[in-house]
Amino acid sequence: MNKKILQLIPLCLMLALLAGGCAETKQAEVGGTPAAKEAVQQEPTVYEGEITGVSERAKSISIAVGKGDQAKSMLVKFDDKTKGVNQAKKGIAAKIIYEMRGTEAYATDIQLKLAKLPAGVTEIKTTELQKLTSEKAPLFLVDSRPLARYNQSHLPGAHAIPVPLLEEKQAAVLPKNKDLPLVFYCGGPT
Amino acid sequence: MSTASAGLAKKIGYTNIRVYLDGEPAWSKANLPTYSTNEFIKNGNVVLIDIRPSKKAIAGRIKGAYSVPYDTLENTLDDVPRNAPLVLYGDKEVMDAVVAVRDQEFNFVSLVEGGYQGWVKSGGEIEKGPIFNTEIKWVRKLGKGEVSVADFRKAVAGEEKNTVVVDARTKEEVAELGIFKNTINIPLDEIPSRMNELPKDKKIYVHCSTGARADMAYSELVKHGFDVKFLLLNIKDAECDCEIIKP
């Protein structure tokens, strides 16, 4: 592993924390620094995304890296030295640090990606949200999951705004009044 | 997803943003109501249940609904697969019914917004009169990349000449349990290094013991441009009924 890559790891870790979300399939965000992006493309050592399969027998994990239709499933092997294998479960958002051994990718460390709140944003719990919605308090509730999930089951009064739609339309799909309380939810912190 | 959206809203200039991190699963678990959209109820692969007394259902019900009065709910749902999305509607007792079916380990349970009246008000289709469909039928639709059991059976019987079947189990499993006819064994972990053994101009069906590894092998092969499907089935299931070459 060359020096450049080693320098890059803390940056990836930091950006990964910033980019954290619930069950989010998101590639390691390295777009901020062009030099970093280049290095990662040469020899990526971190996969970030949703774990789509774990096989104990084949000692392999597949992880969906990238967004939506462009998401690619990557197959990574693990061994007895891999850290955090017991945390790897289908459906969770994770970060897999790996190394190449010959042509095969081996995971060295598997970490859960916990949801991190952006600065200035606070959490709301079930009891309070239930109170506010039943009181019909002024509130704009947003379901950030893919539309299929919203269609099957959503909270009372929730608006369906999947993340890609918000990215595209921005304020056009949110209330005009920027001081109105907004509450976002998805499929839970994983 | 919710945190990413919250960050974006912050950037656009919204001042009062919160995130319900526990999300929809926690809301359901607290036995609070969740709703399906009318579109999903009408066109989705759902089991729609009218839990009101049958008298009311006969007088008028949502088109396609099964009439299962609340007091008969428990026994009627015994044979319904637990991954079937249930959509219930009724009167006051409907939340009790939701709790009851969630207790029966149905994973996807939701309500019609506003119940029967809400449906009528929103212009949804209804039907009236005697009810003939009493036995609940629900069949899971094939997911992305899945091969039907029927097609898979044909392939291993050698009736689909343009198809290659791959068994993604380990060599040890094959040695112990045998292998289907017309099948080659490439364990999941060897797929990346051995995919050059597979043809790109033929269909490939992958199976394993339950479908989990086959799904992973499918993703890997599809990424490399193969025309591939996988079998999501426990191969011990009687439904498979494929001939095995015993070791």
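Please read these numbers as outputs of a predicted model, since none were measured by experiment. (Residues numbered from 1 in each chain as written. Chains lettered and ligands numbered in written order. Predicted model: local features only at pLDDT ≥ 70, side-chain atom pairs only at ≥ 80, totals over all residues. Heavy atoms only, no water.)

Visitor: Can you walk me through the pairing of strand S7 (residues 109-112) of chain B in this structure?
Guide: One face of the sheet, then the other: side chains in a regular strand alternate in exactly this way. All names here are of chain B. Pairing geometry for strand S2 (residues 35-36) and S7, over 2 bridges, is parallel. Bridging from a neighbouring strand, Tyr-35 pairs with Leu-111 of S7. One ladder, built from 3 bridges, connects strand S6 (residues 86-89) with S7; its direction is parallel. Bridged to Leu-88 within S7 is Leu-111. Once you follow S6 into helix H6 (residues 94-103) and on to S7, the crossover reads as right-handed. (Pairing = 2+ DSSP bridges. Helix = DSSP H or I, 4+ residues; strand = E, 2+ residues; numbered from the N terminus. Right-handed = clockwise from strand over helix to strand, strands pointing away.)

Visitor: Any chance you could explain the sheet that holds strand S9 (residues 182-185) of chain A here in plain terms?
Guide: In a beta sheet, neighbouring strands pair by backbone hydrogen bonds and run either parallel or antiparallel. Judged by pairing direction, the sheet is parallel, and its 5 strands sit side by side in the order S6(A)-S1(B)-S9(A)-S7(A)-S8(A) without closing on themselves. Two strands in the sheet have a free side with no partner beyond their single neighbour: strand S6 (122-123) and strand S8 (159-160) of chain A. Direction of pairing for strand S7 (residues 140-143) of chain A relative to S8 of chain A: parallel, over a ladder of 2 bridges. Residue pairing for S8 of chain A: Asp-143 of chain A is matched across the bridge by Ala-160 of chain A.

Visitor: Teacher, can you tell me more about the pairing of strand S3 (residues 72-77) of chain A here?
Guide: Residue and element names in this part refer to chain A. Among the 6 residues of S3, 5 are classified as buried, and the element is accordingly described as predominantly covered. Direction of pairing for strand S2 (residues 60-65) relative to S3: antiparallel, over a ladder of 6 bridges. When the bridges of S3 are listed, Ile-61 appears paired with Val-76. (Buried < 20%, exposed > 50% of the residue type's maximum accessible area, 1.4 Å probe, protein only.)

Visitor: It is not clear to me how a negative patch on the surface should be interpreted in this structure. Could you clarify?
Guide: A grouping of Glu-74, Asp-78, Asp-79 and Glu-135 of chain B is seen on the molecular surface, where their side chains present a negatively charged patch. Mapped onto the fold, Glu-74 of chain B is located in helix H5 (residues 73-76). (Patch = residues over 30% accessible without salt bridge, like charges linked within 9 Å, V, L, I, M, F, W, Y side chains within 5 Å. Areas by Shrake-Rupley, 256 points an atom, 1.4 Å probe, with all protein chains shown as cover. Salt bridge = Lys/Arg side-chain N within 4 Å of Asp/Glu carboxyl O. Lys, Arg positive; Asp, Glu negative; His and termini not counted. Charge placed at Lys NZ, Arg CZ, Asp CG, Glu CD.)

Visitor: Hey, could you run me through the interface of chain B and chain A in this one?
Guide: Many descriptions give the size of an interface as the accessible area lost when the pieces come together. Across the boundary between the two partners, chain B contributes 52 residues, which contact 69 residues of chain A. Among the ionic pairs, Lys-77 of chain A bridges to Asp-189 of chain B, the shortest N-O distance being 3.8 Å. On inspection of chain B and its partner chain A, the count reaches 27 residue pairs in polar contact (both at pLDDT 80 or more). Mapped by element, the contributors of at least two residues to the side of chain B that touches chain A are helix H1 (2-12), strand S1 (17-20), helix H2 (23-29), S2, S7, helix H10 (191-194) and helix H11 (212-223) of chain B. (Contact = heavy atoms within 4.5 Å. Polar contact = N/O pair within 3.5 Å; in protein donor to acceptor, adjacent residues only side chain to side chain.)

Visitor: What is the right way to read H6 of chain B from this model?
Guide: An α-helical turn contains 3.6 residues, so any two residues separated by three or four positions project in the same direction. Residues and elements named next belong to chain B. For H6, every residue scored as buried is listed here: Val-94, Ala-97, Val-98, Val-101 and Arg-102. When H6 is viewed along its axis, its buried side chains cluster within an angular range of 135° and face the same direction. The elements touched by buried residues of H6 are H2, H5, S6 and S7. In the segment just after H6, Glu-105 is the residue with positive phi, at about 70°. (Arc of directions from axis to C-beta.)

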